[in-house]
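Survey of secondary and tertiary structure
Listed below, chain by chain, are the residues.
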Amino acid sequence: MSESPVTVSIQSVSKRFGTVTAVDRVSLDIRQNEFFALLGPSGCGKTTLLRMLAGFETPDRGSILIDGQDMAEVPPNRRPVNMVFQSYAVFPHMSVFDNVAYGLRVAGTPSGEIGQRVRDALEMVRLSEQAERRPDQLSGGQRQRVALARALVKRPKVLLLDEPLSALDAKLREAMQLELVRLQHAVGITFVIVTHDQHEALSMANRIAVMEAGQVRQVDGPAQLYEFPNSRFVAGFIGKMNLFRARVIARHGTELKLDVEGLGRLTLPGQEPHSADSPGAAGPGAGPDPWDIDIAVRPEKIRIHRDEAPGGRISHHGRVSEVAYFGDTSHVYLRLDSGQSISANIRNVARTSRPSFRIGEALWCSWDAGDTLVLDR
Amino acid sequence: MTAPVRRPHGSPRNLIGPLDYTRRWWMRFLVAATFLALYAPILTLIAYSFNDSRRNIMWRGFTLKYYEKAWNNDSLIDAFVNSLSIAVFSTAVSTLLGVLVAIFLWRFKFPGKSAYEGFMVLPIVIPEICMGVAMMAFFARVGWPTNLTWPFNLGNIIIAHIAFSFPFVAVIVRARMVGFNRELEDAAKDLGASEWQTMRDVVLPYLKPGIVAGGLIAFTLSLDDFVITFFTAGPNTITLPVKIFSMVRFSVTPEVNAASTILIVITVIATVLAMRFQAPQDKQEG
Ligand SMILES: Nc1ncnc2c1ncn2[C@@H]1O[C@H](COP(=O)(O)OP(=O)(O)OP(=O)(O)O)[C@@H](O)[C@H]1O
Ligand SMILES: [Mg+2]
């Protein structure tokens, strides 16, 4: 992980609206040049947290430091951050050029410099041709890029983006994801993006904070977050997951002996520790025996065979209950002999030799014991 | 629209789509009748202002002499000038006041806000005659001086007109405010604009069509108000509607028609100007 200095420091910040606690004791350090994502379900407080960084909401408790400076007394128009709003908020009565120039004009920048910087910014987002257009003559994606250029032209220390891609269709969204990453590399500004789309967060961000009900559940890089979620919530929220209730019945060093609902007795080797800056990093199964936990395994880690798997893998017998075809993958749902349901993703690697499973067919599924996650309840 | 779509089981009647109202004869008839009822009296009024006859009964040929006569009628011209001055002043003040009230109601929360919003529209719903009597009583009670020189002698009428027209402006501007995306305001501040710059550069341009419409309403309301003016006007502060009324009491001459026609023309011109002014603005909303 990079050792760049911290640009944004959020220190146990809380915000209540009436009886709703929108943001609950959140602490985060966002480093210089990072592409940082706030990810979570609707209403978990992402926008509120972002608006507190921009200065539109004031924290009830805690403090926010940007570049080492406490922002408590700094109004939104004096903060070294700029925001791309969810609705883009492009000024409808101004041309594209005037929209981008607005922030420089109110700052009293000399007009020669304004012209140059606006042209550069429009070039960067590939809107030079549309400079004289009115916002109503632009597509959604173009309007979004106007909002981006308008914020970037101010050369903020931090760029805040509130679900910038949610109004775009799937194809354009993918293109803009790449575009945003390219831009972030080009300008070297810290980006903080809010999203409820896990794929967006995983594909764009260096680090992701997963939020639930106003609290940060885990902060990690995309791969770490996907492969080593620290809670049932994070495991279920990011990607698909087979979750099983389990109970620790014995442990030998890091090895755990478990009684798993629907799977029976299992022995798991030691787990890799979670990254240090996540809450709940004490390590799973750290409580007294017997200890109720969850175990989890990703569908793509599960293989399906017609014969029993070779030793060393966790292996179970069942029947196909459903098959869903997604083009690149197929999801196969099995009902194990114990009645437990489990899903596996099969990659459709070749066009013709695609494995076909009939519903009701008897099969084996298996996975590596090391791919099994242990999660605290 | 060119070739009717034939549906296999539809009767010929069904060839007219549910929204093709204009293709039904009874609908056309209704539209024509409505327009006739609305505009026939006005067109007659205008036509007879050019009638070469002392009375509005028979058409005796075209003439402009009643316009000339109206032009030379000093008391009519005085009334006309009074009306315009009152309308201009009261429109300016009530537009300003209405916009301020609308922005205030939109921007701030304060105790009794909804009660105030309710009270604010009272002048719109109170019968005009009551407003008129109330105004007369009010000015009598405060001992408003009656011997001022022009244009100060119009002061009480202007105040009365502001009182009943600014709520219209406030209501119209407030309605426009509802559709305002508050993120626009945040965006301006985020880019470094102060409260005042945000107001000037973002909020007011957005409100412009509402302000123009409100101002236009205030102007026409003031220009043709009779009841309230009648109660507040002194002997030397006759307005055009009051003057026309007093002329009509003797007989409806083409001169009255001519004066009325001019009033109509002014109102129409003001409306057209206002629509011109706000039309391109509306297209720009994203
Ligand atoms: N101005 C406000 N007044 C009252 N409650 C608010 C306000 N803003 C947010 N809330 C509440 O705070 C909580 C968090 O809202 P927030 O907008 O931060 O969620 P979010 O994570 O951005 O959700 P979404 O993904 O739907 O945008 C919600 O329960 C919301 O109802
Ligand atoms: Mg939000």
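Rules used in this analysis
Residues numbered from 1 in each chain as written. Chains lettered and ligands numbered in written order. Predicted model: local features only at pLDDT ≥ 70, side-chain atom pairs only at ≥ 80, totals over all residues. Heavy atoms only, no water. Near = heavy atom within 4 Å. Polar contact = N/O pair within 3.5 Å; in protein donor to acceptor, adjacent residues only side chain to side chain. Areas by Shrake-Rupley, 256 points an atom, 1.4 Å probe, with all protein chains shown as cover. Patch = residues over 30% accessible without salt bridge, like charges linked within 9 Å, V, L, I, M, F, W, Y side chains within 5 Å. Salt bridge = Lys/Arg side-chain N within 4 Å of Asp/Glu carboxyl O. Helix = DSSP H or I, 4+ residues; strand = E, 2+ residues; numbered from the N terminus. Buried < 20%, exposed > 50% of the residue type's maximum accessible area, 1.4 Å probe, protein only. Pairing = 2+ DSSP bridges. Domains from an automatic or database assignment. Contact = heavy atoms within 4.5 Å. Nonpolar A, V, L, I, M, F, W, Y, C, P; charged D, E, K, R; others polar. Buried area = accessible area lost by both parts, 1.4 Å probe. Axes fitted to C-alpha atoms, helices over the stretch in contact; angles between N-to-C directions.

All names here are of chain A. Every residue close to ligand 1 is listed here: Phe17, Val20, Ala22, Ser42, Gly43, Cys44, Gly45, Lys46, Thr47, Thr48 and Glu163. One of the side-chain nitrogen or oxygen atoms of Thr48 is found 2.5 Å away from an oxygen atom of ligand 1. At 3.3 Å, a side-chain N or O of Glu163 approaches an oxygen atom of ligand 1. When isolated, ligand 1 has an accessible area of 640 Å², and the protein chains bury 61% of it.

On to a nonpolar patch on the surface, then. Residue and element names in this part refer to chain B. Together, Val31, Phe35, Leu38, Tyr39, Ile42 and Leu43 give the surface a local cluster of nonpolar side chains, amounting to about 580 Å² of exposed area. If you trace the backbone, Tyr39 turns up in helix 1 (residues 25–48). For Tyr39, a relative accessible area of 42% translates into the label partly exposed.

All right, on to the pairing of strand 9 (residues 207–212) of chain A then. Strand 9 of chain A sits mainly inside the fold: five of its six residues count as buried. Hairpin geometry of strand 9 of chain A and strand 10 (residues 215–220) of chain A is characterised by an intervening segment of two residues between the two adjacent antiparallel strands and by a positive phi of about 50 degrees at A:Ala213.

Residues and elements named next belong to chain A. Under the domain assignment, chain A is made up of domain 1 (6–220), domain 2 (237–297) and domain 3 (299–369). Across the boundary between the two partners, domain 2 contributes 13 residues, which contact 14 residues of domain 3. Remark: the boundary between domain 2 and domain 3 carries zero salt bridges. Applying the counting rule to domain 2 against domain 3 returns two residue pairs in polar contact (both at pLDDT 80 or more). Along the lines of polarity and charge, the residues of the side of domain 2 that touches domain 3 split into eight nonpolar, three polar and two charged.

Here the focus is the interface of chain B and chain A. Taken together, the contact pairs 22 residues of chain B with 26 residues of chain A. Counting the surface lost from both chain B and chain A, the interface buries some 2000 Å², and carbon and sulfur atoms represent 57% of this. Our enumeration of links across chain B and chain A arrives at one salt bridge. The partner of B:Asp186 in a salt bridge is A:Arg51, and the shortest N-O contact between them spans 3.0 Å.

Tracing the backbone shows A:Ser315 in strand 16 (residues 313–325). Spatially, the C-alpha atoms of A:Ser315 and A:Tyr333 are 15 Å apart, while their sequence positions differ by 18 residues.

Residue and element names in this part refer to chain A. With antiparallel pairing, five strands are arranged side by side in an open sheet as 13-12-11-14-20. The open sheet terminates on both sides in strands that have one partner only, identified here as strand 13 (264–268) and strand 20 (373–376). Within the sheet, the average angular offset between the axes of one strand and its neighbour, ignoring direction, is 40 degrees. The pairing of strand 12 (residues 255–260) with strand 13 spans five bridges and is classified as antiparallel. Residue pairing for strand 13: Asp259 is matched across the bridge by Arg265.

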